[in-house]
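Each chain is listed here by its residues.
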Amino acid sequence: MDVNSVSASTKASASVAETAAKKATLDYDTFLTLLVQQMKNQDPTEPMDATEQIAQLATFSQVEQTIQTNKNLENLLQSSTLGQAGSMIGRTVTSADGTITGVVEQVKVFSDGLIALLDSGKEVVVGPGVIIS
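None of the values given here were measured: they were computed from a predicted structure.

Cut-offs used in this document
- Residues numbered from 1 in each chain as written.
- Predicted model: local features only at pLDDT ≥ 70, side-chain atom pairs only at ≥ 80, totals over all residues.
- Heavy atoms only, no water.
- Helix = DSSP H or I, 4+ residues; strand = E, 2+ residues; numbered from the N terminus.
- Buried < 20%, exposed > 50% of the residue type's maximum accessible area, 1.4 Å probe, protein only.
- Contact = heavy atoms within 4.5 Å.
- Areas by Shrake-Rupley, 256 points an atom, 1.4 Å probe, with all protein chains shown as cover.
- Core = buried A, V, L, I, M, F, W, Y, C linked by side-chain atoms within 4.5 Å.
- Pairing = 2+ DSSP bridges.
- Axes fitted to C-alpha atoms, helices over the stretch in contact; angles between N-to-C directions.

Colleague: Mind laying out the overall build of the protein chain, listing which residues take part and the relevant values?
Modeller: Helix and strand content of the protein chain: two helices and five strands. Along the chain direction, N to C, the helices and strands of the protein chain fall in the order α-α-β-β-β-β-β. Burial status across the protein chain gives 19% buried among its 133 residues. For the protein chain, the share of sequence-separated contacts (at least 6 apart) that also reach a separation of at least 24 residues comes to 43%. Just so you have it, the protein chain exposes about 9100 Å², and 57% of that area is on carbon and sulfur atoms.

What follows is the structure, given as structure tokens:
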């Protein structure tokens, strides 16, 4: 896999993640707006059943917790990836096909993986089959 295809893959992954985050926020905001409007416009002579209202509030709470959990998981994965990248500098890396070997001078971090920049000027996508010694 060459660097250009990794870069394109990274951009595609980033846009998918951004779209998902925007959609989750939109759904969250839409749910809140609908709940408020429903409460404003309900018939005072026949108010919403308390059980139904509690169920809607519980759903609202679950949506909010899910968004927060996803944010925390993204931060944890980012931290783990940065730690992995830092530990590779100065180590010898051999590509999965065995054609490229060198000492890692830098590591580029992308949302879907790492690219090791070697002392030879070549780049190796860090993934399955790569040997780090």
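Colleague: Go over the nonpolar core with me, naming the residues and quoting the values.
Modeller: Formed by Ala85, Met88, Val93, Ile100, Val104, Val107, Leu114, Ala116, Leu118, Val124, Val126 and Val130, the largest nonpolar core amounts to 12 residues. Of all the elements in the fold, those that place two or more residues in this core are α2 (50-88), β2 (101-110), β3 (113-118) and β4 (123-126). With three residues, the single largest contributor to this core is β3. Not counting residues within four places of it along the chain, the set of residues in contact with Val130 comprises Val93, Thr94, Ser95, Ala96, Val124 and Val125.

Colleague: Explain the pairing of β2 to me, and be specific about the residues and the numbers.
Modeller: Inspection of the sheet shows strand β1 (residues 92-94) paired to β2 by three bridges, in the antiparallel sense. Looking across to β2, one finds that Thr94 is bridged to Thr101. A loop of six residues connects β1 with β2, the two strands running antiparallel in sequence, and Gly98 in this loop sits at a positive phi of about 80°. Pairing geometry for β2 and β3, over six bridges, is antiparallel. In the strand pairing of β3, Phe110 is matched with Gly113. As consecutive antiparallel partners, β2 and β3 are separated by two residues.

Colleague: How would you explain the sheet that holds β1 if you had to name every residue and give the values?
Modeller: The strand order across the open sheet built from five strands is β4-β3-β2-β1-β5, with neighbouring strands paired in antiparallel fashion. Taken across any chain shown, the strands that pair with only one partner, and hence form the sheet edges, are β4 and β5 (131-132). Lying over the sheet, α2 contacts β1, β2, β3, β4 and β5, oriented at roughly 160° with respect to β2.

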